[in-house]
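Residues per chain are reported as follows:
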Amino acid sequence: MAQFNSIEEILEKYIPKEELQKVHRGLYGFDIQDPSHYLKFDPKAKDLADKLKLEVKSFRFPALAEELRKPRIVRIGAIQNSIVEPTDAPIRAQRDSLIKKISSYIAVAAECGVNVLCMQETWNMPFAFCTREKHPWTQFAESAEDGPTTQAMRQLAGRYNMVIVSPILERDESHGDTVWNTAVVISNTGKVIGKTRKNHIPRVGDFNESTYYMESELGHPVFDTQFGRIAVNICYGRHHPQNWLMYGVNGAEIVFNPSATVDSLSEAFWPIEARNAAIANNYFSVAINRVGTENFAHEFTSGDGRSAHHDFGHFYGSSYVTAPNGARSPGLSRVSDGLLVVEADLNLCRQVKDQWGFRMTQRLDLYAESLAKAVKPDFQPQIIAEK
Ligand SMILES: NC(=O)NCCC(=O)O
């Protein structure tokens, strides 16, 4: 399929203006052409972004004014990016060129007033897990706490007073040098608050990640930051509603979904899953997908009938944010690097909980009892047939 910039662009091109407003309201929950929903940035931010050819999009989610609570306004940032060096370049050159590029994007995010930012899954390397090659790719794995990527991000977090979520390939030197798919959560003070790991590892298409790392044993941590309670649901975990549920049960107000997925597999799901999670759990979800096509020297197959090939297909970007009331931002481009800046009043989370009562009516006790039965070896599905 020929690559195109975005679905939004096609809609705006072919739908008459008065009809377009209805389409937008139905698709996004807002008239997304209403200028009051967009942020104005300092010209310096725009100049910086233009120089870097970085698409910058914004959106604003208002909440009701409350008498007993002040608004809790935060600016959430999401960065999607392609790789810089070809995948056969030296490892250090590949990693350091990405750290340099993303550091320049984070400088733009700072100019846009971003308070809490997340990058895509394993942002500092090519998504090489299709190859099933251990070498050279596991050389990208580094200490979550003080590897070169975390050190660089810690400096920026402190400099810009910004919480940074940095999804990387982790080398756990304390436990046999094991590799994990991890997101490091760095405070706006520059300190590492902690880390979370990918709970669900795919075995679909070319996503041969189970060759490299196991499912996380860290549960569903929520990180209490100056800019809200945040959690990270890494990529494939977005297909598991229970995974989203537990971040909500643990009190998350913003759940990032750093991802890497391709148009031949998941694009129809993409606008649905993180959006539904925000609706069902009354928090903001931030879906961030890698962008671009990455070619690898040695052709590979994955036993799914396709002939040997050198790439995953197209990572379609399309990052977007959904508010607890189901309204969503326009997406970033399908084909280029981008920064999405969303201004949100976190008070909206509790306002929607009150309005819809999902947390009150959630029946966790019923699910816990049913799931406890379902995991037992002698489980019998509850099927009732005509007598
Ligand atoms: N990175 C990753 O988990 N991708 C799996 C494919 C998908 O979930 O769309």
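The structure presented is a predicted model; accordingly, all values stated were derived computationally and were not measured.

Regarding the packing of aromatic side chains
Alright, step 1. Summed over the entire model, instances satisfying the criterion amount to 18 aromatic pairs.
Alright, step 2. Ring geometry for F127 against F315: centres 6.3 Å apart, planes inclined by 75°, an arrangement best described as edge-to-face. Highlighted residues: F127 in the loop between β3 (116-118) and α5 (148-160) and F315 in strand β14 (residues 315-316), separated in sequence by 188 residues. Here the two residues F127 and F315 agree in accessibility, since each one is buried.
Alright, step 3. Ring geometry for W356 versus F358: centroids 5.3 Å apart, planes at 40°, classification tilted.
Alright, step 4. Taking the relative accessible area as the measure of exposure, W356 reaches 53% and is therefore exposed.
Alright, step 5. Of the aromatic side chains, those joined through ring pairs into one cluster are F127, F129, F207, Y212, Y213, F312 and F315.

What about the side chain of R75?
Alright, step 1. Mapping R75 onto the fold places it in strand β2 (residues 73-80).
Alright, step 2. Here the side chain of R75 touches C112 through a polar contact of 2.8 Å, landing on its backbone oxygen.
Alright, step 3. Ignoring anything within four residues of it in the chain, the contact list for R75 reads L39, F41, C112, G113, V114, N115, V116, V341, V342 and E343.

Looking at helix α8 (residues 347-356)
Alright, step 1. Listed as buried for α8 are N347, L348, C349, Q351 and V352.
Alright, step 2. At the exit of α8 stands G357, carrying a positive phi of roughly 70°.

Overview of the domain arrangement of the protein chain
Alright, step 1. Domain boundaries assigned for the protein chain yield domain 1 (1-37) and domain 2 (39-375).
Alright, step 2. Distance between the C-alpha centres of domain 1 and domain 2: 25 Å.
Alright, step 3. Across the boundary between the two partners, domain 1 contributes 13 residues, which contact 19 residues of domain 2.
Alright, step 4. In this assembly, domain 1 packs against domain 2 so that about 1300 Å² is buried in total across both faces, 52% of it on carbon and sulfur atoms.
Alright, step 5. The closest approach of N and O atoms between E8 and R328, which form a salt bridge, is 3.6 Å.
Alright, step 6. For the interface between domain 1 and domain 2, the tally reads 10 residue pairs in polar contact (both at pLDDT 80 or more).
Alright, step 7. Each residue belonging to the side of domain 1 that touches domain 2 can be placed in one class, and the counts come to 6 nonpolar, 6 polar and 1 charged.

Rules used in this analysis
Residues numbered from 1 in each chain as written. Predicted model: local features only at pLDDT ≥ 70, side-chain atom pairs only at ≥ 80, totals over all residues. Heavy atoms only, no water. Phe/Tyr/Trp six-rings, centres within 6.5 Å; stacked < 30°, edge-to-face > 60°. Helix = DSSP H or I, 4+ residues; strand = E, 2+ residues; numbered from the N terminus. Buried < 20%, exposed > 50% of the residue type's maximum accessible area, 1.4 Å probe, protein only. Polar contact = N/O pair within 3.5 Å; in protein donor to acceptor, adjacent residues only side chain to side chain. Contact = heavy atoms within 4.5 Å. Domains from an automatic or database assignment. Buried area = accessible area lost by both parts, 1.4 Å probe. Salt bridge = Lys/Arg side-chain N within 4 Å of Asp/Glu carboxyl O. Nonpolar A, V, L, I, M, F, W, Y, C, P; charged D, E, K, R; others polar.

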